[in-house]
Amino acid sequence: MGCQSSHPSAIPELDEIMLETGFSQASVVRLYDRFQALDKEQKGYLSKYDLQGIGELAVNPLGDRIINAFFKEGEDLTDFRSFIRVLAHFRPVEEGKSNETGRPEPMNSRLRKLQFAFQLYDQDSDGKISRDEMLQVLRLMVGIQVTDEQLVCIAERTIQEADQDGDGAISFEEFATSVEKLNVEQRMSLRLLK
Amino acid sequence: SLILSLLFFHLSHKVTRVVPESALLIVLGLFLGGIVWAADHIASFTLTPNVFFFYLLPPIVLDAGYFMPNKLFFGNLGTILLYAVIGTVWNAATTGMSLYGVYLSGIMGQLDIGLLDFLLFGSLIAAVDPVAVLAVFEEVHVNEVLFIIVFGESLLNDAVTVVLYNVFDSFVAMGADNVTGVDCVKGIVSFFVVSLGGTFVGIVFAFLLSLVTRFTKHVRIIEPGFVFVISYLSYLTAEMLSLSAILAITFCGVCCQKYVKANICDQSSTTVRYTMKMLASGSETIIFMFLGISAVNPDIWTWNTAFILLTLVFISVYRVIGVVIQTWVLNHYRVVQLEIIDQVVMSYGGLRGAVAFALVALLDEKKVKEKNLFVSTTIIVVFFTVIFQGLTIKPLVQWLKVKKSEHREPKLNEKLHGRAFDHILSAVEDISGQIGHNYLRDKWSNFDRKILSKVLMRRSAQKSRDQILNIFHELNLKDAISYVAEGERRGSLAFIRSSSTDNMVNVDFSTPRPSTVEASVSCLLREKASSVCLDMQALEQRRKSIRDTEDTVTHHTLQQYLYKPRQEHIHLYSRHEIIQNEDEKQDKEIFHRTMRKRLESFKSTKLGINQPKKLNKSHKRDRGQKRRNSNAIPNGKIPSENPAPDFTLKEKEVSDTNNKPPVNSGYCSETSYEPVNSQDNSVDMQERLEESNPKENQEKKTLLNAQAHYRSAAARRVQSRRSFHRPKPLQLPKLQKLASFPSSCHIPPHSLEQEETQL
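Thresholds, definitions, all that
- Residues numbered from 1 in each chain as written.
- Chains lettered and ligands numbered in written order.
- Predicted model: local features only at pLDDT ≥ 70, side-chain atom pairs only at ≥ 80, totals over all residues.
- Heavy atoms only, no water.
- Helix = DSSP H or I, 4+ residues; strand = E, 2+ residues; numbered from the N terminus.
- Buried < 20%, exposed > 50% of the residue type's maximum accessible area, 1.4 Å probe, protein only.
- Contact = heavy atoms within 4.5 Å.
- Areas by Shrake-Rupley, 256 points an atom, 1.4 Å probe, with all protein chains shown as cover.
- Axes fitted to C-alpha atoms, helices over the stretch in contact; angles between N-to-C directions.
- Polar contact = N/O pair within 3.5 Å; in protein donor to acceptor, adjacent residues only side chain to side chain.
- UniProt positions renumbered as here; feature names shortened; annotations may be inferred.
- pLDDT = per-residue confidence, 0-100.
- Salt bridge = Lys/Arg side-chain N within 4 Å of Asp/Glu carboxyl O.
- Phe/Tyr/Trp six-rings, centres within 6.5 Å; stacked < 30°, edge-to-face > 60°.
- Lys NZ or Arg CZ within 6 Å of the ring centre and 35° of its normal.
- Core = buried A, V, L, I, M, F, W, Y, C linked by side-chain atoms within 4.5 Å.

**Description of the overall build of chain B**
What chain B contains, in helices and strands, is 34 helices and zero strands. Residues counted as buried form 56% of the 759 residues belonging to chain B. Taking as baseline every contact in chain B between residues at least 6 positions apart, the subset at least 24 positions apart corresponds to 81%. Taken as a whole, chain B presents about 33700 Å² of accessible surface, with 61% of it coming from carbon and sulfur.

**So, unusual backbone geometry**
Not every positive phi belongs to a glycine, and Gln-42 of chain A is a case in point at roughly 60°. Position of Gln-42 of chain A among the secondary structure elements: in the loop between α2 (25–38) and β1 (46–47). Even without being glycine, Ser-242 of chain B reaches a positive phi, approximately 60°. Considering the arrangement of structural elements, one finds Ser-242 of chain B in the loop between α11 (223–240) and α12 (245–263). Look at Ser-242 of chain B and you get exposed, because its relative accessible area is 53%.

**Focus on the packing of helix α4 (residues 49–66) of chain B against helix α16 (residues 354–361) of chain B**
Relative placement of two packed helices is described by the angle separating their axes and the distance separating the axes. Interaxial distance between α4 of chain B and α16 of chain B falls to 8 Å at its minimum, and their mutual angle equals 145°. Side by side, α4 of chain B and α16 of chain B meet where Pro-49, Phe-52, Phe-53 and Leu-57 of chain B of the first sit next to Ala-354, Val-355, Ala-358, Leu-359 and Ala-361 of chain B of the second.

**Re helix α8 (residues 130–137) of chain B**
Residue and element names in this part refer to chain B. In terms of burial, α8 is a largely internal element, eight of the eight residues being buried. All of the buried residues along α8 are Pro-130, Val-131, Ala-132, Val-133, Leu-134, Ala-135, Val-136 and Phe-137. A side-chain oxygen of the first residue of α8 lies 3.2 Å from the backbone nitrogen of Val-131; this N-cap is Asp-129.

**Here we look at the environment of Gly-349 of chain B**
Residue and element names in this part refer to chain B. Relative to the helices and strands, Gly-349 is located in the loop between α15 (340–348) and α16. Taking the relative accessible area as the measure of exposure, Gly-349 reaches 1% and is therefore buried. Taking the C-alpha atoms as reference points, Gly-349 and Leu-134, separated by 215 residues in sequence, lie 9.9 Å from one another. In contact with Gly-349, other than residues within four places in its own chain, are Val-128, Val-133, Phe-137, Val-150 and Ile-393.

**Side note on the UniProt feature "domain: EF-hand" (unreviewed entry) in chain A**
All names here are of chain A. The UniProt entry lists residues 109–144 and 155–185 under the feature "domain: EF-hand" (unreviewed entry), expressed in the numbering used here. Annotated as residues 109–144, this span is 64% helix and 6% strand, and its ends, taken at the C-alpha atoms, are 35 Å apart. Spanning residues 155–185, this segment combines 55% helix with 6% strand, and its end C-alpha atoms are found 26 Å apart.

**Comments concerning the confidence of the model for chain B**
All names here are of chain B. Looking at chain B as a whole, its pLDDT mean stands at 68, while 59% of the residues score no less than 70. pLDDT under 50 marks residues 493–545. Its contacts with residues more than four places away, or in other chains, come to 73 contacts. Per-residue pLDDT stays below 50 along residues 609–715; that stretch engages in 205 contacts with residues further than four places along the chain or on separate chains. For this predicted complex, the interface score ipTM comes out at 0.91, while the overall pTM is 0.61.

**What about the pattern of salt bridges?**
Residue and element names in this part refer to chain A. Per the counting criterion, the structure on display carries 13 salt bridges over all chains. With its nearest N and O atoms 3.1 Å apart, the salt bridge here joins Glu-20 to Arg-81. Placement of the pair is Glu-20 in helix α1 (residues 14–21) and Arg-81 in helix α5 (residues 80–88), with a sequence separation of 61 residues. Residue classification places Glu-20 among the partly exposed residues on the basis of a relative accessible area of 30%. Note on Arg-81: relative accessible area 18%, which makes it buried. Residues joined by salt bridges that share partners form a network here, namely Glu-13, Glu-20, Arg-81 and Arg-85.

**Comments concerning the side chain of Thr-285 of chain B**
All names here are of chain B. Along the chain, Thr-285 falls in helix α13 (residues 266–295). Residue classification places Thr-285 among the buried positions, given a relative accessible area of 2%. Here Ser-281 takes part through its backbone oxygen, which lies 2.8 Å from a polar atom of the side chain of Thr-285.

**Re the packing of aromatic side chains**
Think of a pair of aromatic rings as described by two things: how far the centres are apart, and how the planes are tilted against each other in angle. Residues and elements named next belong to chain B. Counted by the stated rule, this structure contains 27 aromatic pairs over all chains. On the basis of an interplanar angle of 85° and a centroid distance of 5.3 Å, the ring pair of Tyr-66 and Phe-67 is categorised as edge-to-face. Note on Tyr-66: relative accessible area 1%, which makes it buried. What makes Phe-67 buried here is its relative accessible area of 16%. Here Tyr-232 and Tyr-235 contribute two aromatic rings whose centre-to-centre distance is 6.3 Å and whose plane-to-plane angle is 5°, an arrangement assigned as stacked. Taken together, the residues span about one helical turn, with Tyr-232 and Tyr-235 both in helix α11 at a distance of three residues. The exposure class of Tyr-232 is partly exposed, given its relative accessible area of 26%. Joined through ring pairs, the aromatic side chains of Tyr-100, Tyr-103, Phe-118, Phe-121, Phe-307 and Phe-374 make up one cluster. Note that Lys-277 overlies the ring of Phe-67, its terminal NZ or CZ placed 4.3 Å from the centroid.

**A closer look at the nonpolar core**
One finds Phe-52, Leu-57, Met-108, Phe-137 and Phe-288 of chain B to be the most contacted residues of the largest nonpolar core, which totals 126 residues. Ranked by residue count, the leading element in this core is helix α9 (residues 144–174) of chain B, at 18 residues. Setting aside chain neighbours within four positions, we find Phe-288 of chain B in contact with Ser-22, Leu-25, Ile-26, Val-131, Ala-132, Ala-135 and Val-386 of chain B. Counting residues in each nonpolar core, the second largest holds 69 residues, with Ile-17, Val-142 and Ile-170 of chain A together with Val-428 of chain B among its members.

Now the structure itself:
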């Protein structure tokens, strides 16, 4: 795959992308190169198939879910704009910038990062993580030595710990509260994507 | 005593966690030397430069080179070179000059030294020592980039050190007055000659070694011997030609590792690994002990407070300044920035070691009058850096890292979600191409694949690597199907079948009986306690009610069994242990599961819940041009009871056709655009695109119709197959090929990643 660096003018909608995602031009160019490298047949779009071709994702417990996060519901192709929109969530948070009211929430804010993670758990998009969904995630993330009974136990505990209104499921607010002490900004940021 | 000390220190891990082993060895050496001296009043063994340079140093450097994580190393090569070359020159020059300046001011008293002597001293004390660095960083787990920079720097600065040392040595010999500008220029030129020459010698021998191992299939017993002999030859050759021997053997190890590992048989590989570790470990121990012993030699002791103190101060200060300036420059060019904590570790981790000592012992007393002073100072500097800095670097690092985080036991949710975040991040890293597609790297990778590997790797190794690469690097569902099916057939994936992962949705949510909980607590408690330090706290705090025991169980279980994200579980280099990929198991599990899931989702989208046995899918490879040889692609026949005969491989016929147009693979549910070659194909695509949920037969029909245009023979066979009579099972040779997946098929991608893209 020839990897010449793309010229900025080759990228469609460059300015809108930079405005929306907050990336610098260099980053956008780099990600565009990556997009093209992944798009082996030069279709201009990425399919799940292309992303599955990244070997490391097969040994990531959440790999497939993350791949699916790049694609809209029911669709199997993603263009560069959508691709980079997802990656924009992982831009490091600039320090010192106060949250200016009136402007839309930047894509890499803590809220957005959490929303992205929440979306990975909440597969049926009903806004809540049910016991089932929690169990599925746990099953993915835990070694096979853990038996199902133990897993159910863990899932129950997890939900009980976070559930404040007692409905047996975790809503987004409860999720956000349960991880408020975690340094989400740092843990969900790639230094690379400035 | 050597043996005892070796055993003792390797057994007492508790001690070595606090005190670096090197420090302990030095102290032991001092102790022993002291005994001998007290007994006989003679200086016992000293570390002669000869012994050091010819016997003790090569194994260590070879070990470092052979186990070097290449991708990381070459990825950061620019940074490493900058620090190694410019940094060392800076350190040498500034230290030498400052000492001279101080000398001129008279604080040091009367010494018989000139500027050149100081510069000579500066050059030998400036170099960061690989042995010491490794010994200390073993205990301090820093991030991999940082580690490779410091470690790489310590290896590569040898060229600079050698050149500077020789240059100044010859200047001193000539006498200060006779040095001309030409000589200086000659010095600079000699730097390039020495370093590049040394590297070149190393590469030549690496090539030789790989070539030799290619043909050693029938002489397996002596394969390990070749590795060591030829590597050592590279060292000696470079030394003979007055080139940088350390660079030679380093690059020999670095370049040959991939091919040698692929070529030699498993037992030889193990032998080589263990022997190398043994030699390196042993040499290191001996070196440090002798450092201690040699220090107890009253003949050489000359004390000059100012000199010694100032040397210590200068090397530390100038190192810090040098690191800061270089980092500032580098951060403009680097994608991954080096932060303050990295700089602190780099400055503080610049340890001097035995190399400096050996060099100083090599000095000629007649030319350098104050040799003894230099020797004493060097000994003190080495001791100081190894012992003091070695002792304190770990607490320092921990303090810096810990400064921000809180000491609070994380809640269940936090643990779980935190870990999930790590996984997410590492996946996004992979997707966004963290290291980046480097033009050079891809170029090299192509070159390597097409030419080098063909020459240097055994045919069988090449083939198996291709197969593995096809599975791991360009994973697609077809491979998933074949892999899982093959694995199930051979029973290796049986465990996935038996676990109830399929039935997660229907798990019964009745609360677990207390007795199971109790039992699991006790049995979990009996397991490794070392990893659960945090949970031990939890355990002690809450002990009474069952509810609490459930809590501790869950905490404990999570702590132990949550999969680790990638960065945590890669320990790059260890002198004393061979890093078996324990996490190979984790990777294997996840990989199996992922493959299975993809297969399941594929099944459900394509076939629905029922799986008619007789439906054959035709999956055609769409990458004809790119692939060198399309390995056996089974058709998507889902094996049920009798996998073997059902594994009809229509692909064989398909692949035999000469013209292979880039037809899209049969993911009819995934609509994908493609640079279309013919109208028919595009029409077909359109049809498929429009239908959001294409009915199976219909889409197959369109697909097959389109393809009928291209592949007459194959398509006809396909169409005949569609009349639902079972085709006869194809020749199993293709199947055999699959079955011959070497057990190394279970190698996780990471290690392959390392092997495949070397530079």
